[in-house]
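# An overview of the molecular structure
The lines below spell out each chain.
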Amino acid sequence: MTDSNTLQQHSGLGRLSGISIIAATLWLSGCSVHQFNQSSIPAATPYQVTAPFHIDDSEAARWLMPEDNALRVEYVHLPAPMWYGYEESILANLPAILTLSLIPIHGTSTSTSSAAVVWQDQMLWRHQTSFSAKTWTSLFFPTPFLMPGGSGGDAALKNANAAAHKAHLMALADDTRAQDQRYAAINSNSPDALAKLLNSGDAPLLRPKATAQLIALAPQKNALEFHTRYADLPGYAGLLPDDLQAWLIGPDGLKGWQLKAALADGASEDDLTRKLILAHPDARQAAIQQYVDASQQANWSDNAEVARIMAEVYVNANHTPPFSSMKDIHRQSLINSGLPADLVKYMTDQPPSELMITVARGGSMKSANGKALTEEELIERLVRNDNSGQFMSPYTSDGVLAEWVNLANNANMGATAGSAAGAMAGAYAANKALDFVPFGLGGLVGGAIGSEIGKSGGREAAISASGGWAAIKAASDQSFDSLLNMARYLKQKYGTTANFMDAMRATTQIYPEFSSVLASTN
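Anyway, here's the lowdown on the structure attached to this text. (Residues numbered from 1 in each chain as written. Predicted model: local features only at pLDDT ≥ 70, side-chain atom pairs only at ≥ 80, totals over all residues. Heavy atoms only, no water.)

What follows is about unusual backbone geometry. Excluding glycine, a negative phi dihedral is what most residues carry, and trans is how most peptide bonds are arranged. In this structure, D121 is a non-glycine residue whose phi angle is positive, near 65°. Note that D121 resides in the loop between strand 5 (105-119) and strand 6 (122-137). One non-glycine residue, N222, adopts positive backbone phi at about 55°. When you line up the elements, N222 lands in the loop between helix 6 (207-216) and helix 7 (223-230). (Helix = DSSP H or I, 4+ residues; strand = E, 2+ residues; numbered from the N terminus.)

What follows is the structure, encoded as structure tokens:
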């Protein structure tokens, strides 16, 4: 009996599965048909026109005939990939509902095609056209195939894209001809007239031609002086030879020609080196602040910290560093032309180390003999060789622990769980993990640790156990002007020594906020 029931159940399930498969097959194999609505795109007939550029698309090149020596541009055509936005009227489709779609449901689908002309990463022109199709759909019956003019979605989309492409090409021909007339109306032998046209944006399709013509007007002598006047025009530097390009790359004030002029006017190489080093963090911070300001104006976020984190995410993904287009051939050209190699080496898209940035913010990048600082000399710039700084070093100048460190640790101030020592050990042990926390969140996590230390560390008790502040200062012959300098110096110089944790334990008892700085410092 059981076997009979089981067979019947399997038989019933088999019939249901078969019906489902048939329904799915009908649905997937063509229960929807489309008919491109040709009236949704204005009729367009491309025509041939002389173009001030050489277009790289074979179909577009049939209609836009390049002038002699025209610069090459990229034609980007993005056909509509599929039909979108099926719209239907319930009242109009009442017969379909009553007949369970034996009479097919009908509605309208839409899509969009676009085309653009691009030159040196600049979009010179863009055209977009939307179109529609009548659509019939049935859930269970292939009756949509009976609708006159209906076809598969791919066939209708192909016809629509072909019509849209004609509209793109005709629009490009129209705009090219109109903009060429604007160019013809100016004095193309006048640098100021060409620059005015380029700055106006009135004839973007003429930008390659007008830029090349402007460059051609440069005098034989003092050509660089001529080019510096127009170097900020988009695409200008990219058309110059490498030896001229080199002088025009970089942020304003730090281009090669500006550095050369500054040196000639008496600026020190050391000051210019510091400016080149700081160009990277300053540009990044400016980009972050710009994003934060925009988010506040647009009310994207009421939380300032969240807005800054979002800004860091965006800048990390999209920020273009200074000198991003500077190549080795450019740097060598600058050196060959007399710009100091110690300056040129910083004209790169690679950001300097945090240590170098810290030193650059503090003062000179030169040693006593006038040479560039070595790595060891950079580290030593972070520390004061006296006890006049705000924060005392746990190490003396001869590399041993200061007496107050031993007193603090012998007093066992941090032995209990949750104390300053325990938090410090946790903060430092987590440092490697914090190094991988994205977008500067390490500082936030470290800050939370530091907060707990401040509540439970008993700073005054730690100072007393260490002999008192006068004794701490008297036992210290090195100090720091900031906790950041102290964290970088101690990690760089003593981070691998056996007594480093003893030093950090005592230091955190005296300066509870130090743990968060140490944990978030590379």
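Read on, since the account is not over.
Moving on to helix 14 (residues 354-362). Those residues of helix 14 lying buried are L355, M356, I357, T358, V359 and A360. Tucked inside the fold, the buried residues of helix 14 contact helix 10 (269-297), helix 15 (375-380) and helix 22 (483-494). (Buried < 20%, exposed > 50% of the residue type's maximum accessible area, 1.4 Å probe, protein only. Contact = heavy atoms within 4.5 Å.)

On to a nonpolar patch on the surface, then. A cluster of nonpolar side chains, contributed by W300, V306 and M310, occupies part of the molecular surface with about 280 Å² of accessible area. What makes W300 partly exposed here is its relative accessible area of 48%. (Patch = residues over 30% accessible without salt bridge, like charges linked within 9 Å, V, L, I, M, F, W, Y side chains within 5 Å. Areas by Shrake-Rupley, 256 points an atom, 1.4 Å probe, with all protein chains shown as cover. Salt bridge = Lys/Arg side-chain N within 4 Å of Asp/Glu carboxyl O.)

Right, let's get into the side chain of S111. Considering the arrangement of structural elements, one finds S111 in strand 5. Take S111: its relative accessible area is 3%, and that puts it in the buried class. Within polar-contact distance, the side chain of S111 engages the backbone oxygen of M82 at 2.6 Å. Among residues more than four places away in sequence, those in contact with S111 are A80, M82, W83, Y84, T129, S130 and F131. (Polar contact = N/O pair within 3.5 Å; in protein donor to acceptor, adjacent residues only side chain to side chain.)

For side chains bearing opposite charge, pairing can occur when the charged atoms are close. Under the criterion given, the structure shown has twelve salt bridges. Among the salt bridges present, the one from K493 reaches E380, with a minimum N-O distance of 2.7 Å. Here K493, found in helix 22, pairs with E380, found in helix 15; they are 113 residues apart in sequence, far enough to count as distant. By relative accessible area, which is 37% here, K493 ends up partly exposed. Looking at E380, the relative accessible area reads 32%, which means it is partly exposed. Sharing partners across several salt bridges, the network here consists of R384, D386 and D481.

This part covers the packing of helix 10 against helix 14. Viewed as axis vectors pointing N to C, helix 10 and helix 14 meet at an angle of 120°, and their least axial separation amounts to 9 Å. Of the possible angle classes, the one that applies to helix 10 and helix 14 is oblique. As for the relative orientation of helix 10 and helix 14, their crossing is left-handed in sense. From helix 10, R274, I277, L278, P281 and D282 reach across to helix 14, where they touch M356, I357, A360 and R361. When the residues that make up the contact of helix 10 with helix 14 are grouped by side-chain class, the tally is six nonpolar, no polar and three charged. (Axes fitted to C-alpha atoms, helices over the stretch in contact; angles between N-to-C directions. Parallel < 35°, antiparallel > 145°, perpendicular 65-115°, else oblique. Left-handed = near helix turned anticlockwise from the far one by under 90°. Nonpolar A, V, L, I, M, F, W, Y, C, P; charged D, E, K, R; others polar.)

Moving on to the nonpolar core. If you look at the biggest cluster of nonpolar residues, it comprises 57 residues, and the most contacted ones within it are M347, L490 and F514. The contacts of L490, once residues within four sequence positions are left out, are S393, P394, Y395, F480, G495, F500, M504 and F514. Core analysis: the next-biggest nonpolar cluster, separate from the first, contains 20 residues, A195, A203, L206 and A218 among them. (Core = buried A, V, L, I, M, F, W, Y, C linked by side-chain atoms within 4.5 Å.)

Under the definition given, this model contains ten aromatic pairs. When the ring of Y395 is compared with that of Y494, the centres are 3.8 Å apart and the planes differ by 10°; the resulting orientation is stacked. Here Y395, found in the loop between strand 7 (391-392) and helix 16 (403-410), pairs with Y494, found in helix 22; they are 99 residues apart in sequence, far enough to count as distant. You'll find Y395 and Y494 in the same group, each marked buried. (Phe/Tyr/Trp six-rings, centres within 6.5 Å; stacked < 30°, edge-to-face > 60°.)

So, on to the environment of W119. Along the chain, the position of W119 falls in strand 5. Spatially, the C-alpha atom of W119 lies 9.1 Å from that of L71, the residues being 48 residues apart in sequence. Dropping the residues within four chain positions of it, W119 is found in contact with L71, R72, V73, L124, R207, P208, T211, P234, G235 and L239.

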